[in-house]
Amino acid sequence: MRLEYFQMLDEIEHFDSQQAILKARAAVPAESPVFEGHFPGESLMPGVLLLEVMAQASGYLILAMNGFSRMPFFANVKSANFRSFVRPSTDLTVSVRRIHDGSGYAVMSATVERANEVVCDAQLTMRNVIFPSEALQQHVWSEGRRLGLLDSRVA
Amino acid sequence: MASTFETVANIISSVSDVPRDQITPQSHVMKDLSVDSLAFLDITFEIDRAFTIQLPVDEWLTAVNEGKRSGDDYFILSNLCSQIDAIRATTAAA
């Protein structure tokens, strides 16, 4: 993870397009300016960033399934539960499943675990649109290649 | 068994907090009921689930944005319900 760059996923552990599921590793760094403010003397991974982990895993599942042709934007979250504190230097596993494939949107179920203990879960809706800019498309494709979800031969 | 309109009106009421008695077949989902795009996403999800279909909202919006169709064709409730019935009939026949 590089929190300051919103780079939340480190490695894809499993992707199954038939089942519409993805599992990824997300390692919380030992140090980050984020922890200087959240909180002084008591470093905790912010809940909003755990939500971002689930949103990015959801997004990359959708991207992998649509061939990185349309950009999933985080549109809605329901039933988000933050069940325990997450501290620096924690290895997390995020698992997402597409529970509904709509027209221009998808509804996802997401769970973040630490050593098989659920630390947070949520239902997220992602709105899938044409990439709004070439720069964003190139960035997302680059991240897709880094994570091994997009063929390195794609420009 | 509830009619398509009853089911859709109940969904809109529960998702958007519009009082059920204000929803009529002549209501335009956005213009009359003030449903915004995010709430309509929730409504679409609930309709998809209730009828086990996939409303082709993307195609509809493209047709409206390109001036090929009027938004009334899809977002006035009686028309929306007709669209749902047509999709269900096609799905059942397939």
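Keep in mind the model is a prediction, meaning the values are calculated, not measured.

Colleague: When you look at the packing of aromatic side chains in this model, what are you seeing that I'm missing?
Modeller: What describes a pair of aromatic rings is the distance from one ring centre to the other and the angle between the planes of the rings. Scanning the model with the defined rule gives 5 aromatic pairs over all chains in all. Residues Tyr74 of chain B and Phe75 of chain B carry aromatic rings whose centres are separated by 6.2 Å and whose planes lie at 70° to one another, so their mutual orientation is edge-to-face. Of the residues examined, Phe75 of chain B reaches a relative accessible area of 5% and is grouped as buried. Through a chain of ring-to-ring contacts, three or more aromatic side chains come together here, namely Phe40, Trp60, Tyr74 and Phe75 of chain B. Across from the ring centre of Tyr5 of chain A, 4.6 Å away, lies the NZ or CZ of Arg2 of chain A, which sits over that ring.

Colleague: What is the right way to look at the nonpolar core in this model?
Modeller: One recurring pattern in soluble globular proteins: nonpolar side chains tend to sit buried together. Core analysis: the biggest nonpolar cluster contains 44 residues, and Met1, Met45, Val53, Met54, Leu92 and Val94 of chain A have the highest contact counts within it. When contributions to this core are tallied by element, the ones reaching two or more residues are β2 (21-27), α2 (47-65), β4 (91-101), β5 (105-114), β6 (117-129) and α3 (134-146) of chain A. With 12 residues, α2 of chain A is the largest single contributor of residues to this core. Contacts of Leu92 of chain A, omitting those with residues within four sequence positions, involve Met1, Ala24, Arg25, Ala26, Val28, Leu50, Val86, Val112, Glu113, Arg114 and Val119 of chain A. Membership of the second largest hydrophobic core comes to 27 residues, among which are Val8, Leu33, Ile43 and Phe75 of chain B.

Colleague: Can you walk me through the side chain of Gln7 of chain A in this structure?
Modeller: All names here are of chain A. In this fold, Gln7 is placed in the segment before β1 (11-16). Exposure remark for Gln7: the relative accessible area of 14% places this residue in the buried category. Within the structure, Gln7 has its side chain in polar contact with the side chain of Glu143 (distance 3.2 Å). When neighbours within four sequence positions are excluded, Gln7 is seen to be in contact with Met1, Arg2, Gln56, Glu143 and Arg146.

Colleague: What am I meant to see in α3 of chain A here?
Modeller: Residues spaced three or four apart along an α-helix face the same direction, because each turn holds 3.6 residues. Residues and elements named next belong to chain A. Taking 1.5 Å per residue, 13 residues should reach 18 Å; α3 reaches 18 Å between its end C-alpha atoms and fits that length. Those residues of α3 lying buried are Gln137, Val140, Trp141, Glu143 and Gly144. Projected onto a plane normal to the axis of α3, the buried residues spread over an arc of 160° and lie on a single side. When the buried face of α3 is taken as reference, the exposed residues oriented beyond 90 degrees from it are Glu134 and Ala135.

Colleague: Is there a simple way to think about the layout of surface pockets in this case?
Modeller: Any space left empty among the atoms is revealed by the rolling of a water-sized probe across them. Space inside the largest pocket adds up to approximately 370 Å³. Around the largest pocket, the lining comprises 19 residues; the ones closest to its centre are Phe6, Glu52, Gln56, Tyr60 and Met71 of chain A. Only α2, β3 (71-82) and α3 of chain A provide two or more residues apiece to the lining of the largest pocket. If you tally residues by element for the lining of the largest pocket, the top one is α2 of chain A, at 6 residues. The residue inventory of the lining of the largest pocket, partitioned by class, reads 12 nonpolar, 4 polar and 3 charged. In this structure, the second largest pocket occupies an estimated 320 Å³ of space. Forming the walls of the second largest pocket are 17 residues, and the residues nearest its centre are Gly104 and Arg127 of chain A together with Val57, Asp58 and Leu61 of chain B. Residue assignment for the lining of the second largest pocket shows that the elements contributing at least two residues are β6 of chain A together with α2 (37-51) and α3 (57-65) of chain B. Broken down by element, the residue count for the lining of the second largest pocket peaks at 5 residues, all from α3 of chain B.

What counts as what
- Residue indices follow the written sequence of each chain, beginning from 1 at its first position.
- Ligands are numbered from 1 and chains lettered from A, in the order in which they are written.
- Local features in a predicted model are, by the rule used here, given only for residues with pLDDT of at least 70; side-chain atom pairs are given and counted only at 80 or more, and totals for whole chains, interfaces and linings are based on all residues.
- Working from all heavy atoms in the structure, the side-chain values ignore hydrogens and water.
- Classification of ring pairs uses Phe, Tyr and Trp, with its six-membered ring standing for Trp, and accepts pairs whose centres are within 6.5 Å; under 30 degrees between planes counts as stacked, over 60 as edge-to-face, and the remaining range as tilted.
- When accessible area is computed with a 1.4 Å probe and restricted to protein chains, residues below 20% of their type maximum are described as buried, those above 50% as exposed, and intermediate ones as partly exposed.
- Here, a charge over a ring is recorded when the distance from Lys NZ or Arg CZ to the ring centre is within 6 Å and its angle to the ring normal is within 35 degrees.
- Here the nonpolar core consists of buried residues drawn from Ala, Val, Leu, Ile, Met, Phe, Trp, Tyr and Cys, with membership extended through side-chain atoms lying within 4.5 Å.
- In DSSP terms, a helix is any run of H or I states spanning at least four residues, a strand is any run of E spanning at least two, and both are numbered starting from the N terminus.
- Here a residue-residue contact requires only that any non-hydrogen atoms of the pair lie within 4.5 Å.
- We define a polar contact as two N or O atoms separated by no more than 3.5 Å, with the added condition that, inside protein, one atom must be a possible hydrogen donor and the other a possible acceptor, whereas residues neighbouring each other in sequence contribute only through side-chain atom pairs.
- Helix span, as expected, comes to 1.5 Å for every residue beyond the first.
- Picture the helix axis, draw a direction to every C-beta atom, and the arc is the one those directions span.
- Definitions used for this entry: grid spacing 1 Å over protein atoms alone; cavity, a set of points where a 1.4 Å probe fits but cannot get out; pocket, an open set with protein on both sides within 12 Å along at least 5 of 7 lines; lining residue, one with an atom within 4 Å of a point.
- Grid points are joined across faces, edges and corners, and a volume is the space filled by probe spheres set on the points.
- Under the scheme applied here, ten amino acids are nonpolar (Ala, Val, Leu, Ile, Met, Phe, Trp, Tyr, Cys and Pro), four are charged (Asp, Glu, Lys and Arg), and all others, including Gly, are polar.

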